[in-house]
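The chain contents come next:
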Amino acid sequence: MLPQVGRRRISSFSGRRGCAAAGGVLPPTMQTMISMQVARWARTVALAGAVVAAPVLGASPAFPRTGADYGAEAGLSLGQTLAHRIAEEPFNLVASLIFLCAIVHTFLAPKFRHWAHAVEATHAHRRETGPAEASWGDENDPPEVSFKGQVLHFLGEVEAVFGIWALVLVAALGAMKGWQAPIDYLGHRVNFTEPMFVVVIMALASTRPVLRVAEQGLRGVAAWGRGSVAAWWWAVLVCAPLLGSLITEPAAMTIAALLLARQFYALRPSPRLAYATLGLLFVNISVGGTLTHFAAPPVLMVAGAWGWDTPFMFTHFGWRAAAGIVAATLAYYLWFRRELAALASTRMAGETTDRAATRPIPGWITCVQLGFMGWTVWMAHHPVLFIAGFLFFLAFAQATGHHQGRFDLRPSLMVGFFLAGLVVHGGLQGWWIEPLLARLTEWPLFLGATVLTAFNDNAAITYLATLVADFGDPLKYAVVAGAVTGGGLTVIANAPNPAGQSLLQRFFPDGVSPLGLLLGALPPTLVMAVFFMLL
């Protein structure tokens, strides 16, 4: 019941609006409604607080789980450990099966491209033989294309494969764990810095001023062999990978691939020599960044955690990598020396003067361009800064376009898309890789890391090794040596590989065959294994 004074006030103003404002007291019914609404708000706030606090209070483990989140696993065999982890987190198995499908898809990419060509040929024939269609667009519009053919082309792009299957992964994750799970995983748990860096450094390294500097430097090396095809082949495959220890492996891969395209692949070598050169390039780039502690992604993953600096890298890895690069290149040279000599006549017969290649570039433009590249390498781990620098570079490239050459961002963007999809998948494979690495001794660990690298990015392998407790120095050396040794076996083994494949695949009629690349990379991989583990 209201106080007496309250009843008098309400009765005095019962015929007027705004009784609450005039008397300061609300009718009983309105008081009840307000108190009920306040109670609802309080319950809503309490529920929201409980939802937000649940992860903090440990109500459910983080996703993806770390090894400690699975509880005690001491005494379990590898098979029992994996079965336990699948039982604890069923999505582990789903993520790995989707990743396996993506790997199989990379092997089937040439088949999709073949189907695309067949569909487009049928479409073109139907347009030529069918009745003329009315033109509804502008005369500058592109010709009509086959939608089915374009979809098959997209499915046949190796650079798009892991991004395509990442959509499947996200859909499965949302269906099984709620749609907040993929948002949290992609937004907070996956690091996209490396894909973004590769896009920027690949675009910078492919410009004419940077390539001109690299080509002039390697021309001096090739002059020792009188500028022959074999001399250029040697210079690019030995010097460019070692340069990767200073300018990073993705930049070295871009420069090496573009120079090989101009000085070697344009001469149309045999498929056997073409695949041998591609495999050798991938292996040499993978180990060539180990002279320092900041250039190779698999080394970068462990350098801080294990306290490895540049002197340590050079004395333990660098000199072995340099010697292995020379030995592997020499072995392939001796094997293909006659074919390399025969390519010299091909170059002489088809040699023409490229006016764009001889056009002088002002020195200040070259210096500014190298400055942008140096800034990107320096800020490689700070995407906000190197992307800001890249935006300024785009403006500079627009203002100096006649000295830049053909500037096409599509290859670098596709490579970035490939790597982004790969890190999305790779971040969910630790549940089986980490316990596998923890159970291996030195030699089995080296071999296991080499083989695993062929099916997962080698930086992911070494990162997972840092999570293994009681990893001794010999085991640390073995896992990193194995990761860089196997970095040329497949296109997904090392982050710079997609850049090389994207730039050189036009010289392979049906695209780069995964089996051809594996066979081409296997001999130099064995050479590197000898230098890293037996010397």
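Look a little higher up for the structure.
Throughout, residues of each chain are indexed from 1 in the direction in which the sequence is written. Owing to the predicted nature of the model, reporting of local features is limited to residues with pLDDT of at least 70; listing and counting of side-chain atom pairs is limited to 80 or more, with chain, interface and lining totals taken over all residues. Hydrogens and water molecules were not included; the side-chain quantities draw on all heavy atoms of the structure.

> Would you mind going over the packing of aromatic side chains with me for this structure?
The description of an aromatic ring pair uses the distance of the two centres, along with the angle that the planes make with each other. Only centres within 6.5 Å qualify two rings of Phe, Tyr or Trp (six-membered ring in Trp) as a pair; their planes then separate them into stacked at under 30 degrees, edge-to-face at over 60, and tilted for everything else. By the definition in use, this model includes 25 aromatic pairs. With a centroid separation of 5.8 Å and 65° between ring planes, the pair formed by Phe393 and Phe407 is classed as edge-to-face. One end of the pair, Phe393, is in helix 18 (residues 383-399); the other, Phe407, is in the loop between helix 18 and helix 19 (410-426), and 14 residues separate them in sequence. For each residue, the accessible area found with a 1.4 Å probe, counting protein chains only, is set against the maximum for its type, and the residue is called buried under 20%, exposed over 50%, and partly exposed in between. Residue classification places Phe393 among the buried positions, given a relative accessible area of 0%. Residue Phe407 is classed as partly exposed on the basis of its relative accessible area of 31%. The helix count covers DSSP runs of H or I at least four residues long, the strand count covers runs of E at least two residues long, and both are numbered beginning at the N terminus.

> It is not clear to me how the packing of helix 4 (residues 78-88) against helix 20 (residues 430-438) should be interpreted in this structure. Could you clarify?
When two helices pack together, their arrangement is captured by the angle between the axes and the distance separating the axes. Axis definition: a line fitted to C-alpha atoms, over the contacting stretch in the case of helices. Angles run 0 to 180 degrees between N-to-C directions. Remark: helix 4 packs on helix 20, axes separated minimally by 10 Å, with the N-to-C direction vectors making an angle of 155°. Taken together, the axis directions place helix 4 and helix 20 in an arrangement best described as roughly antiparallel. Classified by chirality, the crossing of helix 20 by helix 4 is right-handed. In this structure, helix 4 uses Leu78, Thr81, Leu82, Arg85 and Ile86 to contact helix 20, whose residues at the interface are Gly430, Trp431, Trp432, Glu434, Pro435 and Leu436. Oblique is the label for every angle not falling under 35 degrees (roughly parallel), over 145 degrees (roughly antiparallel), or within 65 to 115 degrees (roughly perpendicular). Crossings are sorted by hand: turned counterclockwise from the far helix by less than a right angle, the near helix makes the crossing left-handed, and turned clockwise it makes it right-handed. Throughout, a residue-residue contact means that at least one pair of heavy atoms, one from each residue, lies within 4.5 Å.

> Please explain unusual backbone geometry as it appears in this structure.
The phi torsion of most residues other than glycine is negative, and most of the peptide bonds are trans. Here Arg226, not a glycine, exhibits a phi torsion of approximately 60°, which is positive. We classify Arg226 as exposed; its relative accessible area is 82%.

> I keep staring at helix 21 (residues 442-455) and nothing clicks. Help me out?
Expected span of a helix, by definition, is 1.5 Å for each gap between consecutive residues, and there is one gap fewer than residues. Between its first and last C-alpha, helix 21 extends 20 Å over 14 residues, near the 20 Å set by a 1.5 Å rise per residue. Taken residue by residue, helix 21 has Leu445, Phe446, Gly448, Ala449, Thr450, Leu452, Thr453 and Ala454 as its buried positions. Against the buried residues of helix 21 lie helix 20, helix 22 (458-465), helix 23 (473-485) and helix 25 (514-534).

> What exactly am I supposed to notice about a nonpolar patch on the surface here?
Where nonpolar side chains cluster on the molecular surface, the patch consists of Leu93, Leu97, Leu100, Val104 and Leu108 and spans about 420 Å² of accessible area. Structurally, Leu108 is set in helix 5 (residues 91-129). The class for Leu108 is partly exposed, based on a relative accessible area of 43%. Patch criteria: residues need more than 30% relative accessible area and no salt bridge. Like-charged residues are merged within 9 Å; nonpolar side chains of Val, Leu, Ile, Met, Phe, Trp and Tyr are merged within 5 Å. Here the open area of atoms and residues is found with the Shrake-Rupley method and a 1.4 Å probe, where only the protein chains shown may cover a residue. Note on definitions: salt bridges are taken to be side-chain nitrogens of Lys or Arg within 4 Å of carboxyl oxygens of Asp or Glu.

> Honestly, the pattern of salt bridges in this entry has me stumped. Any pointers?
When charged atoms on two side chains of opposite charge get close, those side chains can pair. Going through the model one piece at a time under the given rule, you end up with 8 salt bridges. Between Glu434 and Arg85 there is a salt bridge, and its shortest N-O distance comes to 3.1 Å. With Glu434 in helix 20 and Arg85 in helix 4, this residue pair connects regions lying 349 residues apart in the sequence. With respect to burial, Glu434 and Arg85 carry one shared label: buried. Between Arg262 and Glu215 there is a salt bridge whose closest N-O contact spans 2.8 Å. Within this pair, whereas Arg262 is found in helix 12 (residues 249-263), its partner Glu215 is found in helix 10 (residues 208-222), the two being separated by 47 residues in sequence. Each of the salt bridges in this network shares a partner with another, and the network as a whole consists of Arg65, Glu88, Glu89 and Lys177.

> Which parts of the structure should I look at to understand the side chain of Gln501?
Relative to the assigned elements, Gln501 resides in helix 24 (residues 497-504). Overall, Gln501 belongs to the buried group, its relative accessible area being 4%. When neighbours within four sequence positions are excluded, Gln501 is seen to be in contact with Val158, Phe282, Val491 and Val512.

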